[in-house]
Amino acid sequence: MPEDGAMRFADHMYFRHDARAIRGAGDTTGERLSPTRRSTVMRQRSGNQEPEPAVVFDKVSFAFDAHVVLRDVSFAIPAGGMTILLGASGSGKSIVLKLILGLFRPDSGQILVNGRRVDNMRERDLLSIRADIGMLFQETALFDSLTVAENVGYRLYEETDTPERDVRRRVQEVLGFIGLAEYIDTMPAELSGGQRRRVAIARAMAAKPGLLLFDDPTTGLDPITATTVDDEIVKLRDLEHVTSIVVTHQIRDAFYVATHRAVRTSDGVHVGAAEGTTAWRAAEFIVLHDAGILFEGSASELLASRDAYLKEFLFMTLPPW
Ligand SMILES: Nc1ncnc2c1ncn2[C@@H]1O[C@H](COP(=O)(O)OP(=O)(O)OP(=O)(O)O)[C@@H](O)[C@H]1O
Ligand SMILES: [Mg+2]
């Protein structure tokens with residue numbers, strides 16, 4: 001459901017207003033939830049079945065020489081859910097994603113992806129883990145010499161023996177999903193920044209991965225284009241039930257995806273603000289700070305936090321300052 005910029009700004013102001021109301025009520029529950037408490041919360045939210053977490057960090061430490069990036073970090077990412085990873089520049093968000101992919105190895109601790117340890121896995125076996133992960137890198141690197149179709153189908157062409165006809169069909173399908181079907185045979189240079197980002201999302205999802213990692217999907221985009229990218233991320237969660245980890249600097253986009261839902265109706269797919277209490281449960285947040293997890297919980301719990309750093313981090317983004 002397209003909205004205008006003023007409406008979305010109003011949305012954001014609503015969160016700020018609401019946050020004050022919640023803070024006023026003195027609700028600080030959920031702050032620094034332990035992984036155990038978190039998985040209990042997820043179990044309660046998803047009925048009684050507890051799906052195996054898609055990703056587990058168990059006391060993970062990682063440093064570049066003397067520079068400690070993560071110290072004894074533990075969390076669990078529930079399968080089928082969305083986790084939004086926030087933190088200042090340099091707090092280790094991209095490193096977390098690269099550890100999941102096995103591109104870096106931790107100095108200590110264990111990392112499980114779909115129940116398998118990747119922290120000590122051989123490179124050959126990591127390939128099968130990565131085959132089920134779609135990654136949108138921070139620096140969206142489309143291959144400029146390849147068409148949109150070749151970019152999106154790249155992994156299917158290179159890493160599988162899927163017949164060309166079927167790759168083309170899947171490419172058409174994912175481009176349709178992100179609203180860029182008519183650009184299938186164009187070159188990346190002919191696309192805007194936002195369109196390139198959406199093509200990169202299509203590429204990440206083309207091989208139907210179970211886990212999608214988005215590293216700063218909306219930075220550098222205007223708010224309206226950013227919302228089209230947010231909507232794709234919401235659709236993947238609600239219509240395709242993909243597990244996703246969304247790293248972002250954009251507080252507005254983080255709360256947008258956490259509070260919007262995609263529904264399919266007879267006249268198409270609509271993304272709109274989720275109503276009622278469910279509005280706060282579409283995503284879980286993790287905030288990294290000082291080489292550790294400063295906060296873990298829902299959007300409303302994050303807004304209700306009394307932590308001075310979090311308050312500054314969240315509320316310095318819009319006037320009144
Ligand atoms: N290849 C590298 N060699 C040395 N240090 C690195 C390397 N990559 C990252 N770092 C350091 O690790 C820390 C965490 O980096 P990371 O890229 O995870 O930050 P980030 O949270 O993703 O930041 P941003 O929001 O700016 O993308 C930073 O202090 C960075 O300087
Ligand atoms: Mg980064």
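Residues numbered from 1 in each chain as written. Chains lettered and ligands numbered in written order. Predicted model: local features only at pLDDT ≥ 70, side-chain atom pairs only at ≥ 80, totals over all residues.

Asker: Explain the site of ligand 1 residue by residue, including any values.
Answerer: Looking at ligand 1, the residues that line it are Phe64, Val69, Gly87, Ser89, Gly90, Ser91, Gly92, Lys93, Ser94, Ile95, Gln138 and His249. Top contributing element to the shell around ligand 1 by residue count: helix H3 (residues 93-100), with three residues. Class assignment of the residues belonging to the shell around ligand 1 gives a composition of three nonpolar, eight polar and one charged. (Near = placed C-beta within 6 Å. Helix = DSSP H or I, 4+ residues; strand = E, 2+ residues; numbered from the N terminus. Nonpolar A, V, L, I, M, F, W, Y, C, P; charged D, E, K, R; others polar.)

Asker: Lay out the sheet that holds strand S4 (residues 108-113) with the relevant residues and their values.
Answerer: Either a parallel or an antiparallel arrangement is found when strands of a sheet pair, and the pairing is made through backbone hydrogen bonds. The strand order across the open sheet built from four strands is S2-S1-S4-S5, with neighbouring strands paired in antiparallel fashion. What marks the edges here is a single partner per strand, and that holds for strand S2 (67-77) and strand S5 (116-117). Of the strand pairs in this sheet, S4 and S5 are connected by two bridges, and their pairing is antiparallel. From the neighbouring strand, valine 113 faces S5, where its bridge partner is arginine 116. Relative to the sheet, H3 contacts strand S1 (55-64), S2 and S4, its axis offset from that of S1 by approximately 120°. (Pairing = 2+ DSSP bridges. Contact = placed C-beta atoms within 7 Å. Axes fitted to C-alpha atoms, helices over the stretch in contact; angles between N-to-C directions.)

Asker: Before we move on, could you go through helix H7 (residues 164-177) and cite the residues and values that matter?
Answerer: The end-to-end C-alpha separation of H7 is 20 Å, in line with the 20 Å expected for 14 residues at 1.5 Å each. Tucked into the core, H7 has its buried residues touching helix H5 (148-152), helix H6 (154-159) and helix H8 (193-205). After H7 finishes, the residue glycine 179 shows a positive phi value of roughly 75°. (Expected span 1.5 Å × (residues − 1).)

Asker: Please provide a residue-by-residue account of the pairing of strand S12 (residues 292-298), values included.
Answerer: With five of seven residues buried, S12 lies mostly within the body of the structure. With six bridges connecting them, strand S11 (residues 284-289) and S12 associate as antiparallel partners. Note that in S12 the partner of valine 287 across the bridge is phenylalanine 295. Between S11 and S12, which pair antiparallel in sequence order, lie two residues; one of them, aspartate 290, sits at a positive phi of approximately 50°. (Buried ≥ 20, exposed ≤ 12 C-beta atoms within 10 Å, placed from the backbone.)

Asker: Which residues make up the environment of leucine 221, and what values go with them?
Answerer: Mapped onto the secondary structure, leucine 221 falls in the loop between strand S7 (211-215) and helix H9 (223-240). For leucine 221, a count of 21 C-beta atoms within 10 Å translates into the label buried. Along the sequence, leucine 221 and glycine 194 sit 27 residues apart, while their C-alpha atoms lie 6.3 Å from each other. With residues up to four places along the chain from it excluded, the contact list for leucine 221 reads Gly193, Gly194, Arg197, Ala226 and Val229.

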